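A look at the structure
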Amino acid sequence: MNLDIKSRVGIVNKVWRRNSTEQLYKITTRTGNEITVTPTHPMFVTNGGIVTSKITEKLKEGEFIAAPRIIKVNTEIQKIDFEIERTKARNANHIIVPEFVTSELARFLGYMISDSYIGYNKNKTSGTTKFTNSNDVLLNDCLNLAKGLFNVRAQIKPRKERPTNKDVIINSIELVRFLEKIDPTLIQRAKFKHIPNLIQKSPNNILKEFIKSLYDGEGFAARNKRAILISSASSELIYDLKTLLLRFGIISQVGTTIGYARNTEKKIKRKYWILTISGKEIKKYNKSIGFTSLQKQENLVHSINLDKIFNTNIDVVPNIFTLFKTVRKLLRLTQFEMGVPRTTYQ
């Protein structure tokens with residue numbers, strides 16, 4: 001952080017390590033950020049427009065601490081430098097292994113993490129990849145991506161138990177092996193999933209395609225309320241996504257609920273994590289990422305155009321009323337002429 005209280009990329013000139021105390025503090029912010037630190041770990045606070053540090057054990061509940069509203073990182077296009085075991089079956093559905101993580105591969109992986117099944121049979125002699133949705137635009141996009149990226153045979157089939165839903169089905173053990181190499185959690189249960197490192201290290205123009213398809217598959221855009229939501233049984237996936245959204249300057253909030261997966265016969269209730277983008281932040285999402293789903297994109301634009309004031313209470317600079325008051329008096333302005341609520345500077 002520089003003298004203008006802006007985060008920046010710099011050279012590390014000192015690293016130190018010290019023994020941890022027995023007692024640690026866990027800080028949870030209103031937007032769901034969490035961090036566990038020692039009692040003497042400094043946090044940045046502000047008073048009267050002056051930013052200072054305060055050790056954690058001196059903080060009080062309800063106090064504001066500084067958090068980044070945008071994260072800038074150095075990234076590069078990621079090379080896929082692994083090989084997969086090839087099957088010798090005569091009727092094998094062979095794949096072409098991409099050389100790099102492209103926008104198209106990122107979008108395909110977003111679909112795979114959203115609402116999919118990826119796995120082997122019991123003997124690991126075959127493998128199947130499925131993406132489930134009711135939106136034909138998304139289904140066809142996923143189908144075309146699979147064919148274009150991997151040159152595999154794939155098809156769309158309606159679900160017998162729920163005809164409104166359809167599956168993109170790819171019967172290829174080589175594709176399952178490829179996805180497992182990208183990230184082993186892709187073939188595990190939903191609560192173990194997270195965002196692959198190859199995606200997290202990719203440039204923003206590639207990252208946004210992953211986020212877009214993830215929200216297309218699992219997200220929800222409210223029509224009459226300024227909110228975009230996505231839920232997951234994996235807390236790690238939600239916190240990964242929350243951090244990655246900050247690369248576009250999008251602030252989000254984490255919450256929890258109890259529910260069950262829609263695509264299971266056994267309606268077992270579990271804890272789910274919900275990530276919400278609200279207020280003016282949905283304008284940033286629309287500008288930087290958006291939806292492929294026409295219905296979700298229409299809902300987003302409609303909510304942006306609602307005749308309501310945008311809520312900004314999650315992105316504030318606190319404790320500056322004395323500074324406002326001093327400026328007002330120096331400029332000889334009335335309270336009305338300040339153009340902001342009176343409680344801000346009285």
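A word on the pattern of salt bridges
The tally for this structure, following the rule as stated, stands at twelve salt bridges. A salt bridge links Lys166 to Asp136, with the shortest nitrogen-to-oxygen separation between them at 3.2 Å. On the criterion of sequence distance, the pair formed by Lys166 in strand E8 (residues 166-171) and Asp136 in helix H2 (residues 136-150) is long-range, its members being 30 residues apart.

Brief notes about the nonpolar core
Core analysis: the largest hydrophobic core is formed by 63 residues, its most contacted members being Phe108, Phe178, Ile211, Tyr215 and Tyr285. Leave out the neighbours within four places in its chain, and Phe108 touches Cys142, Leu145, Ala146, Leu149, Phe150, Ile170, Leu175 and Leu179.

Some thoughts on the sheet that holds strand E11 (residues 253-259)
Strand order across the open sheet formed by four strands is E9-E10-E12-E11, with antiparallel pairing between neighbours. Each edge of the open sheet is held by one strand with a lone partner, namely strand E9 (220-221) and E11. Pairing analysis gives six bridges linking strand E10 (residues 227-232) to strand E12 (residues 270-278), with the strands arranged antiparallel. Of the residues in E12, the one forming a bridge with Leu229 is Thr276. Those strands touched by helix H5 (residues 204-218) are E9, E10 and E12, and its axis lies near 80 degrees from that of E10. Against the sheet, helix H6 (residues 235-245) touches E10, E11 and E12, its axis set at about 10 degrees to E12.

A closer look at the packing of aromatic side chains
For any two aromatic rings, the description comes down to two numbers: the centre-to-centre distance and the angle of the planes. One pass over the structure, following the stated rule, counts six aromatic pairs. Geometrically, the ring pair formed by Tyr215 and Tyr285 is edge-to-face, given 5.2 Å between the ring centres and 65 degrees between the ring planes. Residue Tyr215 is found in helix H5, and its partner Tyr285 is found in helix H7 (residues 281-288); the two are separated by 70 residues along the sequence. When sorted by exposure, Tyr215 lands in the same class as Tyr285, which is buried. Plain terms: the ring middles of Tyr285 and Phe291 are 5.4 Å apart, the flat faces sit at 50 degrees to each other, and that makes the pair tilted. For the residue pair Tyr285 and Phe291, the accessibility class agrees, reading buried in each case. Among the aromatic residues, those joined into a cluster by ring pairs are Phe82, Phe108, Phe150 and Phe178. Taking the ring centre of Phe100 as reference, the NZ or CZ of Lys79 above it sits at 5.0 Å.

So, how was this worked out
Residues numbered from 1 in each chain as written. Predicted model: local features only at pLDDT ≥ 70, side-chain atom pairs only at ≥ 80, totals over all residues. Heavy atoms only, no water. Salt bridge = Lys/Arg side-chain N within 4 Å of Asp/Glu carboxyl O. Helix = DSSP H or I, 4+ residues; strand = E, 2+ residues; numbered from the N terminus. Core = buried A, V, L, I, M, F, W, Y, C linked by side-chain atoms within 4.5 Å. Buried < 20%, exposed > 50% of the residue type's maximum accessible area, 1.4 Å probe, protein only. Contact = heavy atoms within 4.5 Å. Pairing = 2+ DSSP bridges. Axes fitted to C-alpha atoms, helices over the stretch in contact; angles between N-to-C directions. Phe/Tyr/Trp six-rings, centres within 6.5 Å; stacked < 30°, edge-to-face > 60°. Lys NZ or Arg CZ within 6 Å of the ring centre and 35° of its normal.

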